[in-house]
Amino acid sequence: MAPSAVEIPLPIPKSFSTPTSTPQPAEKAELKSPSSPLPEVKTFDASTCSVDELVSALRAAGGLVIRGLLNEQELASLEKDTRPWLDKDTAWDDGDFFPQETRRAFGMVSKSRTFAERIVANPLWLGVTDALLTSTLQANWIGDKNEVSVSRPQLNNTIVFSIGPGARDQALHRDDAIHHVYHPATATHEIGRDAGIGFFVAGKKTTKRNGATRFIPGSHLWDYAAGPPSESQTFYAELEPGDGFMVLSGCFHGGSANKTDQPNENGEVVPEERLVYSTFMTRGYLRQEENQYLVNPVEKVRELPESLQELVGYGLSKPFLGWVDLKDPIDEYCPNCDNHFVIDAVTPKAALKVESEDTRVDARMIKDERVKQSNEQSIFDLKGGTERLG
Ligand SMILES: O=C(O)CCC(=O)C(=O)O
Ligand SMILES: [Fe+2]
């Protein structure tokens, strides 16, 4: 992501999240800072690890490695879908966030079904992001009813990074900055602190020498005003093809220098590409970093399973974010509007055409089976609101 200036510190409102852990009293637990000992970064096996283990390792260290997430066939399919887009990319001259040797591809949910299903919708990843990025609005009095609402995580971005030989280090940064997050130091991680989480899957072996993503373990717990970050504290996520690395957006991290343009320990120059497939998730009520509505042709989004359409941003963040004509874009259909909802609930059926008024003005001539006539209501109509919106 491109870094943005943080002008007004605006913490993620804690009241929007369900606390599932009891924070330790400040006088007993020491607030973490750049001078605290660095926590251990754990490594897991994709075939045996549980979501709970991943969540607690992430909360403690801010990052973790998972071995064996994708197989060779999936990697081959990803590369086939991605390579033409990387080949088209050229060095950017707008700023110095990416080294000149970096090539990128974006909008990956519509460019690669394998990316969408095996990375964005990876079950371990969804388990982790659900646990850390779901928000529950506990107190929302509407008249005499308290409408508790759950907002699920959504896709923040998809980027493929190819770092070529000769690239320098990308500066260490927090991706949290895109949402103008500021946090003071804490002793232990509290659920609700994270604005986002990143997931990097290696397309090729990534090493300290060829540009592995590096990060500072524990830096998600520091006061965000403490800086600048020190390279001496970094951990390099060295991955075999198909391994993954997860990192909280509150951790300092960055892509690293690719030194394979220089002689190795045998005196030979063996250039390597560092190829990583990455995605971030964010909270359902925050703006998405990558504009999913413009980067992905809607015809492609229609082909995805409904759960993925929701993740991409076509779902409703409850109670009221993201509606079209006051309805959930995915499962409601409105005969009174001309917007032809971006995601139809069912495949539209051919209908006899009858000459009538412009249906945007008078829709009485249209009857569509998809409309549950007796149930027609807007998201602001709280008849049965708890189960519809909560
Ligand atoms: O390429 C990488 O390993 C990290 C890239 C990154 O952090 C970013 O572009 O925000
Ligand atoms: Fe980043």
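Residues numbered from 1 in each chain as written. Chains lettered and ligands numbered in written order. Predicted model: local features only at pLDDT ≥ 70, side-chain atom pairs only at ≥ 80, totals over all residues.

Okay, the packing of helix H1 (residues 51–61) against helix H5 (residues 123–133) next. Their axes nearest at 9 Å, the elements H1 and H5 cross at an angle of 55°. By the angle between their axes, H1 is oblique relative to H5. The two elements H1 and H5 cross, and the hand of that crossing is right-handed. Between H1 and H5, the contacting residues are Val51, Leu54, Val55 and Leu58 on the first element and Leu124, Gly127, Val128, Ala131 and Leu132 on the second. (Axes fitted to C-alpha atoms, helices over the stretch in contact; angles between N-to-C directions. Helix = DSSP H or I, 4+ residues; strand = E, 2+ residues; numbered from the N terminus. Parallel < 35°, antiparallel > 145°, perpendicular 65-115°, else oblique. Left-handed = near helix turned anticlockwise from the far one by under 90°. Contact = placed C-beta atoms within 7 Å.)

If you trace the backbone, Phe320 turns up in the loop between helix H8 (306–314) and helix H9 (385–389). Its 14 C-beta neighbours within 10 Å are what place Phe320 among the partly exposed residues. Taking the C-alpha atoms as reference, Phe320 lies 9.6 Å from Tyr285; in sequence the two are 35 residues apart. (Buried ≥ 20, exposed ≤ 12 C-beta atoms within 10 Å, placed from the backbone.)

A separate point is the sheet that holds strand S1 (residues 43–45). Pairing is mixed across the open sheet formed by seven strands, whose spatial order is S1-S2-S12-S9-S14-S8-S3. This sheet does not close on itself; its edge strands, each paired only once, are S1 and strand S3 (102–106). The average undirected angle you get between the axes of adjacent strands in this sheet is 25°. Two elements, strand S9 (residues 196–202) and strand S12 (residues 244–248), share five bridges in a ladder whose sense is antiparallel. Bridging from a neighbouring strand, Gly198 pairs with Val247 of S12. Sheet strands touched by helix H4 (residues 113–120): strand S8 (154–163), S9 and strand S14 (274–282). Its angle to S14, the strand with the most contacts, is close to 65°. (Pairing = 2+ DSSP bridges.)

On to the packing of helix H2 (residues 72–88) against H4. Across the interface, H2 lies against H4 with an axial gap of 9 Å and an inter-helix angle of 135°. Between H2 and H4, the angle is such that the two are oblique. In this structure, the crossing between H2 and H4 has a hand that is left-handed. Judged by residue contacts, Glu74, Ser77, Leu78 and Asp81 of H2 engage Thr114, Phe115 and Arg118 from H4. Partitioned by chemical class, the residues of the contact of H2 with H4 number two nonpolar, two polar and three charged. (Nonpolar A, V, L, I, M, F, W, Y, C, P; charged D, E, K, R; others polar.)

What follows deals with the confidence of the model for the chain. Chain-level statistics for the chain give a pLDDT mean of 84 and a share of 77% at 70 or above. For the stretch residues 2–21, pLDDT sits under 50, and the model shows 36 contacts to residues farther than four places along the chain or on other chains. Predicted confidence is poor over residues 345–390, with pLDDT under 50, and the contacts of this stretch with residues over four places away or in other chains come to 44 contacts. (pLDDT = per-residue confidence, 0-100.)

What follows deals with the environment of His179. For His179, the location among the structural elements is in the loop between S8 and S9. For the pair His179 and Ala195, spaced 16 residues apart in the sequence, the C-alpha separation amounts to 7.3 Å.

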